[in-house]
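Residues per chain, in single letters:
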Amino acid sequence: MEFTETAWLRCCCKVMLVGDSGVGKTCLLVRFKDGAFLAGSFISTVGIDFRNKVLDIDGVKVKLQIWDTAGQERFRSVTHAYYRDAHALLLLYDVTNKASFNNIQAWLTEIHEYAQKDVVVMLLGNKADSTQERVVKREDGEKLAKEFGVPFMETSARSGLNVELSFTAIAKELKHRSMKGPDEPKFQLQAYVNQEMRTAGCCRT
Ligand SMILES: Nc1nc2c(ncn2[C@@H]2O[C@H](COP(=O)(O)OP(=O)(O)OP(=O)(O)O)[C@@H](O)[C@H]2O)c(=O)[nH]1
């Protein structure tokens, strides 16, 4: 099938934001969808909610349905039910909160238990703008991601750092998977992200 400039990718790509309460999942989604930062008092997500955004990926419209989940333990059973349909998961920790980083392994175990085998997972260290409060080094995030074989980058919902890039990279991977011929090589997600960050001098917003 030939895709033209205006072609629509028929499948709706479901992307889930997961991670501990307070790591910035809702803020990341709002920054991506509306280009704004939700400053002020922290209102924890109850249950689950979604927002749609259509991206133009190399001339193909890719519709992302982005599910924002509640990080609080008491909503875990609600979110488990949604893992099965997810095509991609953005797994967040907060660089100013060591516990949220230490919990990543438990989140990955949960993902392996409830999500599809071929789900795309990307690890994000959010709140990278908080230089004073930082307790998790970028290298520690990189090391953990390597250990689990998932792509990684740091983001900031406050400054916008890498927010667009994280969703675009996921959309590129999903588009590539659904359109690639049997002999075409796999899309190199981490290589793409590294390349984009280098081009933008690591400050892409
Ligand atoms: N400095 C800084 N603060 C952030 C950033 N992202 C989120 N925050 C703050 O962190 C707090 C929690 O953000 P949320 O987006 O509500 O966190 P969440 O992960 O959705 O939390 P749950 O809904 O409970 O799972 C809020 O006070 C935000 O203003 C960021 O990139 N930088």
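Residues numbered from 1 in each chain as written. Predicted model: local features only at pLDDT ≥ 70, side-chain atom pairs only at ≥ 80, totals over all residues. Heavy atoms only, no water.

- For the chain, an unreviewed UniProt entry supplies the name small monomeric GTPase and the organism Clupea harengus.
- Regarding the chain, the UniProt comment filed under Cofactor (unreviewed entry) reads as follows: "Mg(2+)".
- Of the comments in the UniProt record for the chain, the one headed Subcellular location (unreviewed entry) reads "Membrane". (UniProt positions renumbered as here; feature names shortened; annotations may be inferred.)

**Some remarks on the packing of aromatic side chains**
Right, so step 1: Within the structure shown, the criterion is met by seven aromatic pairs.
Right, so step 2: Arranged with centres 4.9 Å apart and planes meeting at 65°, the rings of Tyr 93 and Phe 101 form a pair that is edge-to-face. Across the pair, exposure class does not vary: Tyr 93 and Phe 101 are buried alike.
Right, so step 3: Where Phe 187 meets Tyr 192, the ring centres are 5.6 Å apart and the plane angle is 50°; that geometry is what we call tilted. (Phe/Tyr/Trp six-rings, centres within 6.5 Å; stacked < 30°, edge-to-face > 60°. Buried < 20%, exposed > 50% of the residue type's maximum accessible area, 1.4 Å probe, protein only.)

**A word on the pairing of strand β2 (residues 48-57)**
Right, so step 1: In this structure, β2 lies alongside strand β3 (residues 60-69), joined through 10 bridges in antiparallel fashion. Within β3, the position partnered with Asn 52 by the bridge is Gln 65.
Right, so step 2: Connecting β2 to the antiparallel partner β3 that follows it, the hairpin turn spans two residues, and Asp 58 within it adopts a positive phi of roughly 50°. (Pairing = 2+ DSSP bridges. Helix = DSSP H or I, 4+ residues; strand = E, 2+ residues; numbered from the N terminus.)

**A word on the nonpolar core**
Right, so step 1: Counting 32 residues, the largest nonpolar core has Leu 64, Leu 90, Met 122, Phe 167 and Val 193 as the members making the most contacts within it.
Right, so step 2: Beyond its immediate stretch of four places on either side in the chain, Phe 167 contacts Leu 17, Leu 28, Phe 32, Leu 55, Leu 64, Ile 66 and Leu 90.
Right, so step 3: Val 18, Leu 89, Ile 111 and Phe 152 belong to the second largest nonpolar core, which has 24 residues in total. (Core = buried A, V, L, I, M, F, W, Y, C linked by side-chain atoms within 4.5 Å. Contact = heavy atoms within 4.5 Å.)

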